[in-house]
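Each chain is listed here by its residues.
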Amino acid sequence: MLELISTNPFFGLFATFFFFILGTMLHRRWPIPLFNPLIFSITIIILVLLVTNVSYSDYNEGGRFVNFWITPATVALAIKLEKNFIYLKKYYTAILSGIVLGVLFHTGVLVVVSLLFRFNEELVLTLFPKAITTAIALGVSESLGGIVSLTVAIVVLTGVIGTVVGPPIFALLRIDDPVAQGVALGSGSHAMGTAKAIELGDVQAAMAGLSIVLTGIVVVILAPFVLEFVGVLF
Amino acid sequence: MRQLKQLFWIFLFSFIGEFLSLISPVAIPGSVIGMVLLFIALHFKWIKLVQVEEVGNWLTDNMAIFFVPAGVGLMTNFNILGDIWWQLLLTVLITTTLMIGFVAYVVQWFKRRTDRKLETTASMAKESI
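Describing the overall build of chain A
A count of helices and strands for chain A gives 11 helices and zero strands. By the compact-globule yardstick of 17 Å for 234 residues, chain A fits well, its C-alpha radius of gyration being 19 Å. The C-alpha extent of chain A, read off along each of the three principal axes, is 55 × 40 × 30 Å. When contacts within chain A are restricted to residue pairs at least 6 apart in sequence, long-range pairs at least 24 apart make up 66% of them. Carbon and sulfur atoms make up 70% of the accessible area of chain A, which amounts to about 10,000 Å² in all. Here chain A holds 11 positive side-chain charges and 12 negative ones, and the gap between their average locations is 13 Å.

Focus on the interface of chain A and chain B
At the interface, 90 residues of chain A touch 74 residues of chain B. For the pair chain A and chain B, the summed buried surface comes to about 7,600 Å²; carbon and sulfur atoms form 83% of the total. Taken together, chain A and chain B are joined by four salt bridges. Residue Asp176 of chain A is joined to Arg112 of chain B by a salt bridge in which the shortest nitrogen-to-oxygen separation is 2.8 Å. Taken together, the links from chain A to chain B amount to 11 residue pairs in polar contact (both at pLDDT 80 or more). For the side of chain A that touches chain B, the element with the most residues is helix H6 (residues 85-117) of chain A, which contributes 15 residues. Across the side of chain A that touches chain B, the residue classes break down as 61 nonpolar, 21 polar and eight charged.

Some thoughts on a nonpolar patch on the surface
The grouping of Trp85, Trp86, Leu89, Leu90, Leu93, Ile94 and Leu98 of chain B at the surface amounts to a nonpolar patch, some 620 Å² of accessible area in total. Take Leu98 of chain B: it is sitting in helix H6 (residues 85-128).

Side note on H6 of chain A
Note that an α-helix has 3.6 residues per turn; residues three or four places apart therefore point the same way. With 33 residues, H6 of chain A extends only 42 Å from end C-alpha to end C-alpha; this falls clearly short of the ideal 48 Å at 1.5 Å per step. Just downstream of H6 of chain A lies Arg118 of chain A, where phi reads positive at about 55°.

Focus: the side chain of Thr158 of chain A
Summarising the element assignment, Thr158 of chain A is placed in helix H9 (residues 148-172). With residues up to four places along the chain from it excluded, the contact list for Thr158 of chain A reads Lys130, Ala131, Gly188 and Ser189 of chain A together with Val92 and Thr96 of chain B.

With respect to the domain arrangement of chain A
All names here are of chain A. Along its sequence, chain A is organised into domain 1 (2-68) and domain 2 (72-233). Between the C-alpha centres of domain 1 and domain 2 the distance comes to 26 Å. Tallying the contact residues gives six residues for domain 1 and five residues for domain 2. Counting the surface lost from both domain 1 and domain 2, the interface buries some 470 Å², and carbon and sulfur atoms represent 79% of this. Scanning the region where domain 1 abuts domain 2 turns up zero salt bridges. Looking at side-chain class alone, the side of domain 1 that touches domain 2 contains five nonpolar, one polar and no charged residues.

As for helix H4 (residues 56-67) of chain A
Between its first and last C-alpha, H4 of chain A extends only 14 Å over 12 residues, short of the 16 Å set by a 1.5 Å rise per residue. Turning to H4 of chain A, its buried residues number three or more, namely Tyr56, Asp58, Tyr59, Gly62, Gly63 and Val66 of chain A. The arc that holds the buried residues of H4 of chain A, viewed along the axis, is 160°, so those residues lie on one side. Those residues of H4 of chain A that are buried are in contact with helix H1 (2-6), helix H2 (9-29), helix H3 (37-52) and helix H5 (70-83) of chain A together with helix H4 (68-72) of chain B.

Section: the nonpolar core
Within the largest apolar cluster, 110 residues are counted, with the highest numbers of intra-cluster contacts made by Ile95 and Phe128 of chain A together with Met63, Val68 and Val72 of chain B. Considering each element in turn, this core owes the most residues, 14 residues, to helix H11 (residues 202-233) of chain A. Shared between two domains, this core holds at least three residues of each, these being domain 1 (2-68) and domain 2 (72-233) of chain A.

Quick notes on the pattern of salt bridges
Following the criterion strictly, the structure yields nine salt bridges over all chains and no others. The residue Glu53 of chain B makes a salt bridge to Lys83 of chain A at a minimum N-O spacing of 2.5 Å. Of this pair, Glu53 of chain B sits in helix H3 (residues 53-61) while Lys83 of chain A sits in helix H5, which puts the two residues in different chains. Connected through shared salt-bridge partners, Lys80 and Asp202 of chain A together with Asp61 of chain B make up one network.

As for unusual backbone geometry
Residues and elements named next belong to chain A. The backbone of Arg118 shows a phi angle near 55°, a positive value even though the residue is not glycine. Within the secondary structure, Arg118 is located in the loop between H6 and helix H7 (121-127). In this model, Arg174 sits at a positive phi of 55°, which is unusual for a non-glycine residue. Mapped onto the fold, Arg174 is located in the loop between H9 and helix H10 (178-200).

Definitions and cut-offs
Residues numbered from 1 in each chain as written. Chains lettered and ligands numbered in written order. Predicted model: local features only at pLDDT ≥ 70, side-chain atom pairs only at ≥ 80, totals over all residues. Heavy atoms only, no water. Helix = DSSP H or I, 4+ residues; strand = E, 2+ residues; numbered from the N terminus. Rg over C-alpha atoms; globule rule 2.2 N^0.38 Å. Contact = heavy atoms within 4.5 Å. Areas by Shrake-Rupley, 256 points an atom, 1.4 Å probe, with all protein chains shown as cover. Lys, Arg positive; Asp, Glu negative; His and termini not counted. Charge placed at Lys NZ, Arg CZ, Asp CG, Glu CD. Buried area = accessible area lost by both parts, 1.4 Å probe. Salt bridge = Lys/Arg side-chain N within 4 Å of Asp/Glu carboxyl O. Polar contact = N/O pair within 3.5 Å; in protein donor to acceptor, adjacent residues only side chain to side chain. Nonpolar A, V, L, I, M, F, W, Y, C, P; charged D, E, K, R; others polar. Patch = residues over 30% accessible without salt bridge, like charges linked within 9 Å, V, L, I, M, F, W, Y side chains within 5 Å. Expected span 1.5 Å × (residues − 1). Domains from an automatic or database assignment. Buried < 20%, exposed > 50% of the residue type's maximum accessible area, 1.4 Å probe, protein only. Arc of directions from axis to C-beta. Core = buried A, V, L, I, M, F, W, Y, C linked by side-chain atoms within 4.5 Å.

Listed below in structure tokens is the structure:
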């Protein structure tokens, strides 16, 4: 009986919408990270599935209809890009330096942390593409010899963490510039960061969308050098 | 009908993007190719903003919920995560926090410099008049 219900696509759809909307309402009332709609709904759904012993593939019968919209939504970011193109034209030095230096810095920090935790080479290469959008990260991880399924999980985790730590970091470092906020969120936590940037404003959203693409390209270009570098160190 | 036409354009570019991604030798996701192509089309006014704006904004404004199923997919990786899960969590937390802070700082610093330069040029232009 339970199986008949859980494999019905409307189960996954219902669970996704119900807990996301619930999270949104809770977050409006109590704006703490735990009630961030994305974190809240992911956590609660995982718990519900584990407790009721429903498999991920059952949930995903409905979930994939939600997941499907990531592609058209990403394509639609072009609208925000076009409307805010003037910022890219005016500030391309700032944006490009931020992204290129950011990816290099991120790689450096990752190497240091990995040495501390004694991660092996495979794990470092799995983590390297974590800041970029899932689809590019998959390709990079695979071509470098990382663990692909773990890369997907890490990319999602990065996105979730980025949406939570982003605004407090901006407050702490006094980052009030919308371009800087958008580029940081897009390059540091891909499309999930972009979803956060959309809440902050249109300029942030467009810059974040743009940064996903640029960061992805920089990471792809940098990948062969990182492979060599990591091979020497680990 | 208006919304259907708008959705049509977005689906068309998604489809072209996915198709080009399949035949492309480098790993670039179809969604990103689609975004770049739609941007080009909008920029050169082959498609007008009003032809995609309403549905497009609805999609991007509600983007966060689309990631829920991928996030729930974390549960399929619990076995690999095993004993190292807290080290991985800490690594992701540290690297993500530092990267966002660093990029935001660098971009703001460079942008302020550009702004100052533009201001100086503008005031110099004024003085010379």
